[in-house]
Amino acid sequence: MKNMEYLKGLPIAVLGSGAVGKTLAADCKLGGCKDVRLYGSAEFFDSSLNGIDKTGILLDGIQRNRDCFERSGRAFVDKITTDMSVAVKGAGIICISTVAWRHDLFFDKLIPCLEDGQVIMFFPDNWGSLLLRKMMNDRGCNKDVIIGGWSSAPYGTRIESINGYRFPHVGVKYRAITLRGAAFPASDSDEFIEASRYLPAMDAITNGDGPQKGDTILDIEFANVNPVIHVPASILGVSTMENWGVIFGGHDKNTYSMYSHGLCKSICEVQYKFYNEEISLAKKLRVGCPEYKYEMFFSRRSVLTQEYMGINKDGNDNVIFPLDQPSNEGNTGPNSVNHRYITEDIPVNCKLYHDLGCAYGVKTPIIDSMIVLGGAFHGVDYLRESRYSLDYIGISNMSIEELNHYLREK
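Note that this is a predicted model, so its numbers are computed, not measured.

### Some details on helix α5 (residues 103–110)
No. 1: Along α5, the positions that sit buried rather than exposed are His103, Asp104, Phe106, Phe107 and Leu110. Taken end-on, α5 shows its buried residues confined to a sector of 155 degrees, consistent with a single buried face.
No. 2: Residues of α5 that are buried make contact with β1 (12–15), β2 (36–39), α4 (84–88), β6 (93–96), β7 (119–122) and α6 (128–138).

### As for unusual backbone geometry
No. 1: With an omega dihedral of 5 degrees, the bond running from phenylalanine 184 to proline 185 counts as a cis peptide bond.
No. 2: With an omega of -5 degrees, the peptide bond running from glycine 333 to proline 334 counts as cis.
No. 3: Relative to the helices and strands, proline 334 is located in the loop between α14 (305–309) and α15 (340–343).
No. 4: Not every positive phi belongs to a glycine, and asparagine 126 is a case in point at roughly 50 degrees.
No. 5: Topologically, asparagine 126 is positioned in the loop between β7 and α6.
No. 6: Look at serine 302: it is not a glycine, yet its phi comes out positive at around 50 degrees.

### Section: the nonpolar core
No. 1: Within the largest apolar cluster, 90 residues are counted, with the highest numbers of intra-cluster contacts made by Leu15 and Ile94.
No. 2: Of all the elements, helix α13 (residues 265–285) adds the most residues to this core, at eight residues.
No. 3: The residues contacting isoleucine 94, other than those within four sequence positions of it, are Ala13, Leu15, Val88, Leu110, Leu114, Gln118, Val119, Ile120 and Met121.
No. 4: In this structure, Leu38, Trp150, Ile159 and Ile205 belong to the second largest nonpolar core, which totals 41 residues.

### Section: the pattern of salt bridges
No. 1: For the structure on display, the rule yields 24 salt bridges.
No. 2: A salt bridge links arginine 102 to glutamate 43, with the nearest nitrogen and oxygen atoms 3.3 Å apart. Pair noted here: arginine 102 is in the loop between β6 and α5 and glutamate 43 is in the loop between β2 and α2 (45–48), with a separation of 59 residues, a long-range link.
No. 3: What makes glutamate 43 exposed here is its relative accessible area of 59%.
No. 4: Arginine 66 serves as the salt-bridge partner of aspartate 67, at 2.7 Å between the closest nitrogen and oxygen.

### Some remarks on a nonpolar patch on the surface
No. 1: A contiguous nonpolar patch, built from Val246, Ile247 and Phe248 and spanning about 310 Å² of accessible area, is present on the exposed surface.
No. 2: Summarising the element assignment, isoleucine 247 is placed in the loop between α11 (238–243) and α12 (258–262).
No. 3: Residue isoleucine 247 is classed as exposed on the basis of its relative accessible area, which comes to 64%.

### Points about the packing of aromatic side chains
No. 1: Using the criterion set out here, one finds 20 aromatic pairs in the structure.
No. 2: The interplanar angle of 65 degrees and the centroid separation of 5.1 Å between the aromatic rings of phenylalanine 184 and tyrosine 406 together place this pair among those described as edge-to-face. With a gap of 222 residues between them, phenylalanine 184 in the loop between β11 (180–183) and α7 (189–195) and tyrosine 406 in helix α19 (residues 400–408) connect regions that are remote in the sequence.
No. 3: Overall, the relative accessible area of 3% leaves phenylalanine 184 in the buried class.

### A word on the packing of helix α10 (residues 225–236) against helix α17 (residues 365–378)
Angle between the axes and distance between the axes: these two values describe a pair of packed helices.
No. 1: The contact between α10 and α17 brings their axes to 10 Å, and the two run at 50 degrees. The angle between α10 and α17 falls in the class oblique. The handedness of the crossing between α10 and α17 comes out as left-handed. From α10, Val231, Pro232, Ile235 and Leu236 reach across to α17, where they touch Met370, Leu373, Gly374 and Phe377.

### What to know about the pairing of strand β8 (residues 146–150)
If a strand is regular, its side chains alternate between the two faces of the sheet.
No. 1: For β8, the buried fraction is high: five of the five residues fall into the buried class.
No. 2: Covered by surrounding structure in β8 are Ile146, Gly148 and Trp150 together with Ile147 and Gly149, the residues of both alternating faces.
No. 3: For β7 and β8, the ladder comprises four bridges, and the chain directions are parallel. Along β8, the bridge assignment pairs phenylalanine 122 with glycine 149.
No. 4: Note on the crossover from β7 through α6 to β8: the handedness is right-handed.
No. 5: Relative to β11, β8 runs antiparallel, the two sharing three bridges. Within the sheet, the bridge partner assigned to glycine 149 lies in β11 and is alanine 182.

Cut-offs used in this document
- Residues numbered from 1 in each chain as written.
- Predicted model: local features only at pLDDT ≥ 70, side-chain atom pairs only at ≥ 80, totals over all residues.
- Heavy atoms only, no water.
- Buried < 20%, exposed > 50% of the residue type's maximum accessible area, 1.4 Å probe, protein only.
- Helix = DSSP H or I, 4+ residues; strand = E, 2+ residues; numbered from the N terminus.
- Arc of directions from axis to C-beta.
- Contact = heavy atoms within 4.5 Å.
- Core = buried A, V, L, I, M, F, W, Y, C linked by side-chain atoms within 4.5 Å.
- Salt bridge = Lys/Arg side-chain N within 4 Å of Asp/Glu carboxyl O.
- Patch = residues over 30% accessible without salt bridge, like charges linked within 9 Å, V, L, I, M, F, W, Y side chains within 5 Å.
- Areas by Shrake-Rupley, 256 points an atom, 1.4 Å probe, with all protein chains shown as cover.
- Phe/Tyr/Trp six-rings, centres within 6.5 Å; stacked < 30°, edge-to-face > 60°.
- Axes fitted to C-alpha atoms, helices over the stretch in contact; angles between N-to-C directions.
- Parallel < 35°, antiparallel > 145°, perpendicular 65-115°, else oblique.
- Left-handed = near helix turned anticlockwise from the far one by under 90°.
- Pairing = 2+ DSSP bridges.
- Right-handed = clockwise from strand over helix to strand, strands pointing away.

What follows is the structure, encoded as structure tokens:
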């Protein structure tokens, strides 16, 4: 394995100025990185970056985790920019934390700026590693970079806002003590995992149970808990969400939590069946996938609990949040059907699961039903209109053997 110690002391670039991006940047600065750059698109500058050079980013919150790892404070990052070349020049690690449907716009600007030796990390991957490699290949970019992704972000985090005004303040609900990651191709995964030791935003994981190396980048797509948790709970719990603060009076609609207020036994059953369709896809494609016990789905934090509270010696959750008891443990959202839990997780993740099933002969009826219902909410046929397809991410018309070779070897 290549020695990754050269990353120590190099600048860290964070691309994406939403809740995760701001938290990553602030956490890295507070964690001791001497040069942190935060990039955001010019079109969103006023709503996401304006004034942060003067106020800094305030990071606080409960930060729940088994090990009580906590890092809080006001962080002043070194560069706040809408110029991609300024953000990534000389950077060692580049963190990408934008929504998936903006990946291609970021990549258009990123690819010409890449330098040999850089490590690119997606939080979460959301098929970004595959798309970036395809776009690099299409443009003849042969920079010697390591590209990979994580199954989730290191935190559950939200930007504080009041009536649409967004403060330069992120509140971290929980910190992960383990995440699953892999590089694309997988032959770079050892170096990718080692590189995470030089990213202060991963400190709770490095000092916790540590990162788990996935089998291939497809393993990481199946390890992403967002689609299996978010989509069934958002689609099937939509009436509670839309009635929050209306029929269920006395509530601000922005306080609705899919976890705290939407989950119930029947929805959890659907989540478990959704997960088993992912398992079937992974087995057919001969790639890895995390394993969860049936009972782990029947908790108000679902299988997410393991990321920040871990499992015991018997392989069971250290903490269970029973469905028959109230809990305020869950993050807020969604507050409308236009939330990313639906607008990202369905046309990106669910759509690609569906396409993999069609291409390799695996039935996905639960996943397909979520795509149809989500599309009905928006008046869109996502099966036809989502740009996310196997061709779009560069893996169409491959046999299983060809796919595995592509995923694993340079």
